[in-house]
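An overview of the molecular structure
Listed here are the chains, written in short residue letters.
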Amino acid sequence: MSQQSVPATPTNFAVWFEYSLGSSIALRKTIDILIAGKRKFDAATNHELYITYVAPQSGIEPLGDLPEQLSGLIATAQQFLNTAVTDNQTHIKALGEVSSEAAASSDPRTIIAKLVDELSKATSRAAQLEANFAATSEELDSIRDSLKAAEQRSNTDALTGLANRHSMDEFLRLAQIAAMEKDEALSVFLIDIDHFKKFNDDYGHQVGDQVLRLVAKVLQEGVREVDLAARYGGEELIAVLPGADLEACTSVAERIRRRIAEAKLTRRATGKEIGSITVSIGVAQFRLAESADAMIERCDRGLYQAKRLGRNRTVTETELEPEAGAA
């Protein structure tokens, strides 16, 4: 901290203590990049580091009784192995006895009969062990599928099928690190459905949900596989575009805005066409070491400026009007 002229405040100590521990790979990478780039650790940068990497984050949903199931399966598998080891020792001992008898007896038929009997027992035990492990393997496959489904549910918004807020936060955090490491652009745009409350009031929440799903579908189809489309909250959707600068991101946002405005929405029950849907969009590009909240806040300002200008338009951070009270 002294070498980088970082003020000795409690929050700064918390940041650099985490950095020295190495428990947060993301924080360590970010600070290393800033040091390598000779970036000054001013008050704004220090605050962003604390908010992004040290301040309490939301927890992870519990996995229910899956740990208990795994523990039970492991115990069962261990029991199978112990049984196999014991049976193997018994088999070796029996073969040793047959060998001793063979040396002392002149009747090969007795020796062969005993040998066949022991081999038959060994084959039977091996078949039973294989069957037990096959059953256990099926249970493990079932648990693995349950974990995949649980992970999918925990990362997906149930209504729109897009990534949820938790998944977006994690994706954006990793995208910020990658952008700094590779010195590449990273941009985001935030979508808000115009007059969404009117759809709910005039036609009911089912139609409101249908509007959300339609906008989500257009958004998902309008971004690349490397991008992330997510439900940010309420009627707000967000897209994170790694490697895209402000101009490229604005072009994608505009294309999606036009497609939504051209879409036709009909009531499923009657087939009657409902009024057109439009959206307002704000676009911002990531700035070195800033928090995700700071970047999204500029998107939010652009979005609400688009609302003030008449809706159904895209406003970038370069077009933002000065905030009230700003010098």
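First, a word on scope: everything that follows refers to the structure included in this document.

Cut-offs and rules
Residues numbered from 1 in each chain as written. Predicted model: local features only at pLDDT ≥ 70, side-chain atom pairs only at ≥ 80, totals over all residues. Heavy atoms only, no water. Pairing = 2+ DSSP bridges. Helix = DSSP H or I, 4+ residues; strand = E, 2+ residues; numbered from the N terminus. Axes fitted to C-alpha atoms, helices over the stretch in contact; angles between N-to-C directions. Contact = heavy atoms within 4.5 Å. Parallel < 35°, antiparallel > 145°, perpendicular 65-115°, else oblique. Left-handed = near helix turned anticlockwise from the far one by under 90°. Nonpolar A, V, L, I, M, F, W, Y, C, P; charged D, E, K, R; others polar. Phe/Tyr/Trp six-rings, centres within 6.5 Å; stacked < 30°, edge-to-face > 60°. Buried < 20%, exposed > 50% of the residue type's maximum accessible area, 1.4 Å probe, protein only. Lys NZ or Arg CZ within 6 Å of the ring centre and 35° of its normal. Core = buried A, V, L, I, M, F, W, Y, C linked by side-chain atoms within 4.5 Å. Salt bridge = Lys/Arg side-chain N within 4 Å of Asp/Glu carboxyl O.

Quick notes on the sheet that holds strand E7 (residues 314-316)
Read across the open sheet, the 5 strands follow the order E2-E3-E1-E6-E7; overall the sheet is mixed. This sheet does not close on itself; its edge strands, each paired only once, are strand E2 (228-233) and E7. Mean inter-strand twist for the sheet, computed between neighbouring axes without regard to direction, equals 20 degrees. Relative to strand E3 (residues 236-242), E2 runs antiparallel, the two sharing 5 bridges. Bridge assignment links Arg231 to a residue of E3, and that residue is Leu237. Taken strand by strand, helix H6 (residues 165-182) contacts strand E1 (186-193), E2 and E3, and its axis lies near 130 degrees from that of E2.

Observations concerning the side chain of Thr316
Residue position: Thr316 is located in strand E7. Look past the residues within four positions of Thr316 in its chain and what remains in contact with it is Leu246, Thr250 and Val283.

Notes on the packing of helix H2 (residues 25-36) against H6
The contact between H2 and H6 brings their axes to 10 Å, and the two run at 30 degrees. By the angle class used here, H2 and H6 are roughly parallel. The interaxial crossing formed by H2 with H6 has left-handed handedness. Across the interface between the two elements, Ala26, Lys29, Thr30 and Ile33 of H2 pack against Arg173, Ile177, Met180 and Glu181 of H6. When grouped by side-chain class, the residues that make up the contact of H2 with H6 number 4 nonpolar, 1 polar and 3 charged.

With respect to the packing of aromatic side chains
Tallied over the entire structure, the rule returns 3 aromatic pairs. Note on Trp16 and Tyr19: the rings are 5.3 Å apart at their centroids and 65 degrees apart in plane angle, and the pair reads as edge-to-face. Remark: Tyr19 and Trp16 occur in helix H1 (residues 10-21); sequence separation between them is 3 residues, near one turn of the helix. We note that Trp16, like Tyr19, is buried. Grouped by ring-pair contacts, the aromatic residues Trp16, Tyr19 and Phe41 constitute a single cluster. Note that Arg28 overlies the ring of Tyr19, its terminal NZ or CZ placed 4.5 Å from the centroid. Positioned above the aromatic ring of Tyr232 is the side chain of Arg165, whose terminal nitrogen or guanidinium carbon lies 4.0 Å from the ring centre.

Let's talk about the pairing of strand E6 (residues 279-285)
The element E6 is extensively covered by neighbouring structure, given that 6 of its 7 residues are classed as buried. Taken together, the 7 bridges between E1 and E6 define a ladder with antiparallel strand orientation. By the bridge assignment for E6, Phe189 is matched with Val283. Here E6 runs beside E7; their pairing, made up of 3 bridges, is parallel. In the strand pairing of E7, Ile281 is matched with Thr314.

Description of the nonpolar core
Of all hydrophobic cores here, the largest spans 35 residues; its most connected members are Ile31, Leu49, Met168, Leu172 and Ile238. Those elements giving two or more residues to this core turn out to be H1, H2, helix H3 (43-54), H6, E1, E2, E3 and helix H10 (292-308). At 6 residues, H6 tops the list of elements feeding residues into this core. In this structure Leu49 touches Val15, Leu27, Thr30, Ile31, Leu34, Phe41 and Val54, once residues within four positions along its chain are discounted. If you look at the next biggest cluster of nonpolar residues, it comprises 31 residues, including Leu162, Val215, Leu241 and Ala244.

A few points about the pattern of salt bridges
Under the defined criterion, the tally for this structure stands at 17 salt bridges. Residue Asp169 is joined to Arg165 by a salt bridge in which the shortest nitrogen-to-oxygen separation is 3.6 Å. On the criterion of helical spacing, the pair formed by Asp169 and Arg165 is a turn pair, its members being 4 residues apart in helix H6. Taking relative accessible area as the criterion, Arg165 reaches 36% and is therefore assigned partly exposed. Between Arg257 and Glu254 there is a salt bridge, with its nearest N and O atoms 2.6 Å apart. One end of the pair, Arg257, and the other, Glu254, are both in helix H9 (residues 246-262), 3 residues apart, so they sit about a helical turn from each other.

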